[in-house]
Amino acid sequence: MSAQAQMRAMLDQLMGTSRDGDTTRQRIKFSDDRVCKSHLLNCCPHDVLSGTRMDLGECLKVHDLALRADYEIASKEQDFFFELDAMDHLQSFIADCDRRTEVAKKRLAETQEEISAEVAAKAERVHELNEEIGKLLAKVEQLGAEGNVEESQKVMDEVEKARAKKREAEEVYRNSMPASSFQQQKLRVCEVCSAYLGLHDNDRRLADHFGGKLHLGFIEIREKLEELKRVVAEKQEKRNQERLKRREEREREEREKLRRSRSREHRRHRSRSMSRERKRRTRSKSREKRHRHRSRSSSRSRSRSHQRSGHSSRDRSRERSRRRSSKERFRDQDLASRDRDRSSRDRSPRDRDRKDKKRSYESANGRSEDRRSSEEREAGEI
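Since the model is a prediction, treat every value here as computed from it, not as a measurement. (Residues numbered from 1 in each chain as written. Predicted model: local features only at pLDDT ≥ 70, side-chain atom pairs only at ≥ 80, totals over all residues. Heavy atoms only, no water.)

*Asks:* Got a minute to help me understand the overall build of the protein chain in this structure?
*Replies:* Regarding its fold elements, the protein chain presents twelve helices and two strands. In the protein chain, the succession of helices and strands from N to C terminus is α-α-α-α-α-α-α-α-β-β-α-α-α-α. With 382 residues in all, the protein chain has 26% of them scored as buried. Accessible area for the protein chain stands at about 27500 Å²; split by element, carbon and sulfur atoms hold 48% of it. (Helix = DSSP H or I, 4+ residues; strand = E, 2+ residues; numbered from the N terminus. Buried < 20%, exposed > 50% of the residue type's maximum accessible area, 1.4 Å probe, protein only. Areas by Shrake-Rupley, 256 points an atom, 1.4 Å probe, with all protein chains shown as cover.)

*Asks:* I keep staring at helix α9 (residues 203-210) and nothing clicks. Help me out?
*Replies:* The α-helix winds at 3.6 residues per turn, so residues separated by three or four positions along the chain end up facing the same way. Residues of α9 that are buried include every one of Leu206, Ala207, His209 and Phe210, and no others. Along the axis of α9, the buried residues cluster in a sector spanning 165°; they form a single face. (Arc of directions from axis to C-beta.)

*Asks:* It is not clear to me how a positive patch on the surface should be interpreted in this structure. Could you clarify?
*Replies:* On the surface, a cluster of positive charge is made up of Arg276, Lys279, Arg283, Arg287, Arg290 and Arg294. Relative to the assigned elements, Arg276 resides in helix α10 (residues 213-346). (Patch = residues over 30% accessible without salt bridge, like charges linked within 9 Å, V, L, I, M, F, W, Y side chains within 5 Å. Salt bridge = Lys/Arg side-chain N within 4 Å of Asp/Glu carboxyl O. Lys, Arg positive; Asp, Glu negative; His and termini not counted. Charge placed at Lys NZ, Arg CZ, Asp CG, Glu CD.)

*Asks:* Even after reading the chapter, I still don't get a negative patch on the surface, so can you show me in this structure?
*Replies:* Judged by side-chain charge, Glu248, Glu249, Glu251, Glu253 and Glu254 come together as a negatively charged surface patch. Looking at where Glu249 falls in the secondary structure, it is placed in helix α10.

*Asks:* Explain the nonpolar core to me, please; I cannot follow it from the model alone.
*Replies:* One broad rule of soluble globular proteins: the nonpolar side chains tend to lie buried together. Membership of the largest hydrophobic core comes to 32 residues, with the highest contact counts inside it found for Leu40, Leu49, Phe218, Ile221 and Leu228. Sorting the residues of this core by element identifies α4 (65-74), α5 (83-111), α9 and α10 as the ones contributing at least two each. Apart from the residues within four sequence positions on either side, Phe218 is in contact with Leu49, Met54, Phe93, Cys97, Arg100, Val192 and Cys193. Within the second largest apolar cluster, nine residues are counted, among which are Leu136, Val140, Val155 and Ala162. (Core = buried A, V, L, I, M, F, W, Y, C linked by side-chain atoms within 4.5 Å. Contact = heavy atoms within 4.5 Å.)

*Asks:* Please clarify how the pattern of salt bridges should be interpreted in this entry.
*Replies:* In the structure shown here, the tally under the stated rule is 16 salt bridges. Its salt-bridge partner being Glu83, residue Lys235 comes within 3.0 Å of it at the nearest N-O pair. Taken as a pair, Lys235 in helix α10 and Glu83 in helix α5 lie far apart in primary sequence, 152 residues in all. The exposure classification of Lys235 matches that of Glu83, with both residues buried. Among the ionic pairs, Arg259 bridges to Glu256, the shortest N-O distance being 2.3 Å. Here Glu256 and Arg259 lie together in helix α10, a separation of three residues that amounts to about one turn.

*Asks:* Mind showing me how you'd approach the side chain of Asn130 here?
*Replies:* Turning to its location among the elements, Asn130 is positioned in helix α6 (residues 117-146). For Asn130, the side chain forms a polar contact with the side chain of Lys166, separated by 2.6 Å. Excluding its chain neighbours within four sequence positions, the residues that come into contact with Asn130 are Lys166, Gly198, Leu199, Asp201, Leu206 and Phe210. (Polar contact = N/O pair within 3.5 Å; in protein donor to acceptor, adjacent residues only side chain to side chain.)

*Asks:* Hey, could you run me through the state of the cysteines in this one?
*Replies:* Disulfide: a covalent bond formed between the sulfur atoms of two cysteine residues. Enumeration over the complete set of coordinates arrives at zero disulfides. With no disulfide partner, Cys43 has as its closest neighbouring cysteine sulfur the one in Cys44, 7.4 Å distant. Looking at Cys97, it has no disulfide partner, and the nearest cysteine sulfur is the one in Cys193, 7.3 Å off. (Disulfide = S-S within 2.5 Å.)

As structure tokens, this is what we get:
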């Protein structure tokens, strides 16, 4: 890659797709399904293992440093949860690597002669010390490149101790194996990168392996996978809590709505009850008023009827008295007319003589006769 291309890549990585106002590069967004999410998170195996013995070639999805810069800028304000896609990608890759490791182990078991479990454990101890020495030597080279001489010297002291342990382990292993078999190369498969390691590899070979790009690349991928698992678990837990919180809020809102509706229904029911009670009271009051009015009217009517009955009785008595008085007047008039008739009849000479005799007789007999004659006259009138 030329210096100009490197500079452009650095600018893309720092400023994104719109660093120079070029809108033609914005035809695809970092959220597009065609963009590699592992590349955006800087953990795509195609990038990590590029140039090694297990170079995977170009990724089938889009890799662009400018899109990675766009994602890093946008992820500060919004969580896109791309870690889940990257985790699935790395899990698939590591699963393939582990399958290759198991296949290599089976092939070694078939090609190498059988040894006892005790001898195998001693050989495994030698391999573990070789791996430790190789890692320490790789660290020494890294510290020396950084200029950290003191730390490099401390690590070299640990390397010497590991070498001493290795010599002791090899001696134990040599004593447990026949001389002819000991010279045979015993191989093992690296659990990290599935590469073959020899039991009698020298320090240089071990340093080249454990400090090489392939082994370190697999370590990086595996560490990134563990980190993604932790991040995804935390985000899922956070999302579950937020979802649970939203559900609780919805349930609380629903309960509140239900409570409000019940309270409104209760108020409406209460208002209807109160209105019915007021109507009932009003009806009862109106009935009482009508009853009182009817009672007053009936009492007035009874008093009027009583007065009318009293007046009528008085009128009847008056009428009877008037009738009696009129009868008496008629009777008196009849008597008077009779007396006039008698008097007219007495006007004859005979009658006058009789009357004179009678008056003389009456005058002779006194008042007794007069009283008797008055009584007889009254009796005759009656």
